[in-house]
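Chain and residue survey
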Amino acid sequence: QVQLVESGGGLVQAGGSLRLSCAASGRTFSSSAMGWFRQAPGKEREFVAAISWSGGYRYYADSVKGRFTISRDNAKNTVYLQMNSLKPEDTAVYYCADSGLRVGARNVYEYTYWGQGTQVTVSS
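Notes on the structure follow. Note that the structure is predicted; figures quoted are calculated from it, not measured.

Helices and strands together make up the secondary structure of the chain, namely zero helices and eleven strands. Counted from the first residue to the last, the chain has its helices and strands arranged as β-β-β-β-β-β-β-β-β-β-β. Its C-alpha radius of gyration of 13 Å places the chain within 12% of the 14 Å reference for a compact globule of 124 residues. Seen through its C-alpha atoms, the chain measures out along the principal axes to roughly 40 × 30 × 25 Å. The burial tally for the chain puts 45% of its 124 residues in the buried class. At a minimum sequence separation of 6, the contacts of the chain that also span at least 24 residues come to 59%. For the chain, the accessible area works out to roughly 6200 Å², and carbon and sulfur atoms hold 47% of it. Between the averaged position of the 13 positive side-chain charges in the chain and that of its 9 negative side-chain charges there is a distance of 4 Å.

Moving on to the environment of Gly117. With respect to the secondary-structure elements, Gly117 resides in the loop between β10 (113-114) and β11 (118-123). Between the alpha carbons of Gly117 and Ala92 there is a distance of 9.5 Å; along the sequence they are 25 residues apart. Look past the residues within four positions of Gly117 in its chain and what remains in contact with it is Glu6, Val93, Tyr94 and Tyr95.

With that settled, the discussion passes to the side chain of Ser21. Structurally, Ser21 can be placed in strand β3 (residues 18-25). With a relative accessible area of 17%, Ser21 lands in the buried category. Apart from residues no more than four positions distant in its own chain, Ser21 is found in contact with Val5, Glu6, Ser7, Trp36, Thr78, Val79 and Tyr80.

Turning our attention to the state of the cysteines. With the rule as written, the count across this model stands at one disulfide. The disulfide partner of Cys22 is Cys96, and the S-S distance across this bridge is 1.9 Å. Its S-S torsion of about 45° marks the bond between Cys22 and Cys96 as right-handed, since a negative value means left-handed. Taken together, the residues Cys22 in strand β3 and Cys96 in strand β9 (residues 92-100) connect sequence positions 74 residues apart.

For Asp98, the position within the fold is in strand β9. Polar contacts involving the side chain of Asp98 include one to the main-chain amide nitrogen of Gly100, which spans 2.7 Å. Dropping the residues within four chain positions of it, Asp98 is found in contact with Val2, Leu4, Arg27, Ser32, Ala33, Met34, Tyr111, Thr112 and Tyr113.

This brings us to unusual backbone geometry. One non-glycine residue, Asn77, lies in positive phi territory at about 55°. Along the polypeptide, Asn77 turns up in the loop between β7 (68-73) and β8 (78-83). Its relative accessible area of 27% is what places Asn77 among the partly exposed residues. Positive phi, close to 50°, is recorded for Ser85, a residue that is not glycine.

Summarising the element assignment, Tyr57 is placed in the loop between β5 (46-51) and β6 (58-60). Put simply, Tyr57 and Thr69 are twelve residues apart on the chain and 12 Å apart in space, counted from C-alpha to C-alpha. Beyond its immediate sequence surroundings of up to four residues, Tyr57 is in contact with Ala50, Ile51 and Ser52.

Quick notes on the rules
Residues numbered from 1 in each chain as written. Predicted model: local features only at pLDDT ≥ 70, side-chain atom pairs only at ≥ 80, totals over all residues. Heavy atoms only, no water. Helix = DSSP H or I, 4+ residues; strand = E, 2+ residues; numbered from the N terminus. Rg over C-alpha atoms; globule rule 2.2 N^0.38 Å. Buried < 20%, exposed > 50% of the residue type's maximum accessible area, 1.4 Å probe, protein only. Contact = heavy atoms within 4.5 Å. Areas by Shrake-Rupley, 256 points an atom, 1.4 Å probe, with all protein chains shown as cover. Lys, Arg positive; Asp, Glu negative; His and termini not counted. Charge placed at Lys NZ, Arg CZ, Asp CG, Glu CD. Disulfide = S-S within 2.5 Å. Polar contact = N/O pair within 3.5 Å; in protein donor to acceptor, adjacent residues only side chain to side chain.

See the structure below:
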């Protein structure tokens with residue numbers, strides 16, 4: 001069974017930065033494409049970023065492109081989301097997820113395993 005545990009969320013002022021981490025266990029991490037999603041209160045869960053098995057391919061939602069960076073360290077079984085120039089509209093619970101062989105997946109249904117989420121709050 002795959003387990004994903006996010007960390008690094010918190011409260012930050014607009015313009016600030018946070019780095020989220022997602023530690024994976026239970027399968028060969030380096031063979032799985034990974035992604036980050038977020039869900040704000042009253043809204044649907046939305047795609048943020050995705051990364052291929054090796055990290056050579058990265059995909060972003062238009063709303064975060066140029067501000068967020070997804071990366072991974074396969075030796076540590078961890079995927080990261082570096083978030084810069086944060087805006088109040090980035091406030092949400094952020095989830096990491098495992099899409100297995102699906103590289104660049106942008107839909108919730110394409111991901112099999114999910115973490116429990118970490119809260120990010122950006123104050124104005």
